[in-house]
Amino acid sequence: MGNRAFSDISYQQFLAEEKLMGSKCNQCSAVFVPPRPICTECLKSDLQWVEASGKGKLAAFTCISIGPAFMIAEGYDRKNPYFVGVVELDEGPRVDVRLEGLASKPDEIKVGTPMTVKFLHRGEGDAEKTYLAFEPVQAQRSVAR
Amino acid sequence: MKNRRKLGRGVAVVGAGMSKFGMYKDKDSKDLFFEAYQELLTSVDKGLDPTDIDALYVGNFSNDFFMHQSHWGPILSELIGVTPIPATRTEGACASSALAFREGVFAIASGFYDVVLVGGVEEMSKCSTEQVAEGLALAAVPYENQVGFTFPGVFGTIATAYFAKYGASHENLMDITIKSHNNAPLNPKAQFPYTIRDMMNQKIEKAKAKGGPVPQWQTEKDFLRDPRANPPVAWPMHLYDCCPISDGASCMLLVAEEIAKNFTDDPLHVAGIGQGSGRGLNSAPTLTSFEATKRAAEEAYGMSGLTPKDIQFAEVHDCFSMAELLHIEDLGFFKAGEGYKAVSEGLTRLDGPMPINTSGGLKCKGHPVGATGVSQLIEVWNQLRNKAGKRRVPKRDLRIGAAHNLGGTGGTSTFTILERR
Ligand SMILES: [Zn+2]
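The present account deals with the structure reproduced in this document. These numbers were taken from a predicted model, which means no experiment stands behind them. (Residues numbered from 1 in each chain as written. Chains lettered and ligands numbered in written order. Predicted model: local features only at pLDDT ≥ 70, side-chain atom pairs only at ≥ 80, totals over all residues. Heavy atoms only, no water.)

### Thoughts on empty space enclosed by the protein
Part 1 of the reasoning: Here the structure, examined in full by the defined rule, presents four cavities of 30 Å³ or more.
Part 2 of the reasoning: Of the pockets and cavities examined, the largest cavity occupies roughly 90 Å³.
Part 3 of the reasoning: In terms of lining, the largest cavity is formed by 13 residues, of which the most central are Y11, L15 and L132 of chain A together with Q146 and V147 of chain B.
Part 4 of the reasoning: Contributions of two or more residues to the lining of the largest cavity are made by α1 (8-16), β6 (94-99) and β8 (129-136) of chain A together with α6 (142-146) of chain B.
Part 5 of the reasoning: Ranked by residue count, the leading element in the lining of the largest cavity is β8 of chain A, at four residues.
Part 6 of the reasoning: Of the residues assigned to the lining of the largest cavity, the class counts are eight nonpolar, three polar and two charged.
Part 7 of the reasoning: Two domains each provide a minimum of three residues to the lining of the largest cavity, namely domain 1 (8-51) and domain 2 (55-144) of chain A.
Part 8 of the reasoning: Lining the second largest cavity we find 14 residues, and of these R279, A284, S289, F290 and T409 of chain B sit closest to its centre.
Part 9 of the reasoning: Its residues assigned to classes, the lining of the second largest cavity comprises six nonpolar, six polar and two charged. (1 Å grid on protein atoms, 1.4 Å probe; cavity = no way out; pocket = protein on both sides within 12 Å on 5 of 7 lines; lining within 4 Å. Points joined across faces, edges and corners; volume = space filled by probe spheres on them. Helix = DSSP H or I, 4+ residues; strand = E, 2+ residues; numbered from the N terminus. Nonpolar A, V, L, I, M, F, W, Y, C, P; charged D, E, K, R; others polar. Domains from an automatic or database assignment.)

Structure (structure tokens):
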């Protein structure tokens, strides 16, 4: 873990391993998810990896009817829109995420809803990709695991 | 920020022209820029000898993606016959031509050039809506793109954060849409020169003619609340919260203040100019403000010695209704969290104390992204030079107007203040 660069490629590799990872500044303790190679608080480049708890709350969201090609390929369109948004992690940073398990009517969704991480694996072979997603804490409890 | 910025020497605007914005099957980027340039030539009171142009800066976001053609500087310098002068393309997403304007200002202020043509162009309508959405999303930050955000999605997301923080609702955004559409019929260059009521009545008449069920809309908001008339694009952004897909071009002629009298007795002066950069949704200081806009405003106000109260009207980057709301707060026209009340009280209407987007804004005038920044400044030019016709801001002694241009998820923002002295 210690050898990996504080980069977007490493971030994505960790997501594929079902780890939500960030970097923490050894000088001022600021935490960044996704990781940064330079602390934007104190501008030092002395960081270590930290794993986020995967808990947070919904900071903002949208329900998209006209998406990019890769979302259309997953079957999303005007009749079957998808949710994305921003989750504020318990550790402080915000992450851009896909949202699952929310009420189907967007006006019933509340900003501030407690959320928990879910890793979505899509595609196969070289095309396999892991997306960072979050779902409401209650939704996860109701799913048999 | 360092202490007050200033230009090495003054810069004046002495000419301006833009194509009509729209969706054109039979016009390409060169045709549109030619149209804008022709209008510019007639706008220079004492005439322009094109061989006097020292340099060209042209904004273009993504004709590479939309039209599979990049490198627009020399294409346009050849078109207007000014090769081999230097021709430079600027890219700052939807703020691309405001950056061209800025480069032109600095090139003159430095003393290196005296006469600079700046402008922008974009050709989008030959792509499908999905392709345009994908092309524009290239200007979002990577983390947004990776999980499937689109630009309407970014502003829909910001809207839910703003609503939750301040208690505003989509009804307030409808007031922005209705206001901009009320200005649009007064602008002969607007892509959609119709009020919401015009469009609502057209649909009612159509339904009557067809003999089918006639919609029971009484007010403009009834129409905007009806998902059949106004479907969601990225909730809570609906169709009428979003600017259209457009083709178009714009240009302006900048000269050193000391030679402005050779071109006109009525130049506009660059009183303040500012630019900032910003982070995306995941790392911005807040979801309800753009740090890039605040920096741009700080620079421009600082240079000019003016305050938000001195700005008599402004064009702001309303790619989405929600965007206009953020900008009027970030630029200091209204306090944070109070912009939506100002809008719903009518303060930003053409006849209000702070008219916003008298042109109809990107929403109605159209948004050929690379052409937009300079076209906003052309609205300021038209207003200050008394060429805005029926949409002229009804204030005595109209002297100071401003334009705000935004690119990406608040990644690039500019604010430019023009003054008639
Ligand atoms: Zn630090």
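### Observations concerning the nonpolar core
All names here are of chain B.
Part 1 of the reasoning: In this structure, F155, I311, M322, F333, F415 and I417 are the most contacted members of the largest nonpolar core, which totals 71 residues.
Part 2 of the reasoning: Of all the elements, helix α7 (residues 151-166) adds the most residues to this core, at eight residues.
Part 3 of the reasoning: If near-sequence neighbours (up to four positions away) are discounted, F155 is found in contact with M237, F290, C319, F320, M322, A323 and L406.
Part 4 of the reasoning: In this structure, L7, M18, V105 and I273 belong to the second largest nonpolar core, which totals 37 residues. (Core = buried A, V, L, I, M, F, W, Y, C linked by side-chain atoms within 4.5 Å. Buried < 20%, exposed > 50% of the residue type's maximum accessible area, 1.4 Å probe, protein only. Contact = heavy atoms within 4.5 Å.)

### A few points about the sheet that holds strand β2 (residues 31-32) of chain A
Residues and elements named next belong to chain A.
Part 1 of the reasoning: With antiparallel pairing, the three strands of this open sheet are ordered in space as β2-β1-β3. Each of the sheet's edge strands pairs with one partner strand only, and the pair in question is β2 and β3 (47-51).
Part 2 of the reasoning: In this sheet, β3 lies alongside strand β1 (residues 21-25) in antiparallel orientation, the contact comprising five bridges. Pairing of G22 across the sheet is with V50, part of β3. (Pairing = 2+ DSSP bridges.)

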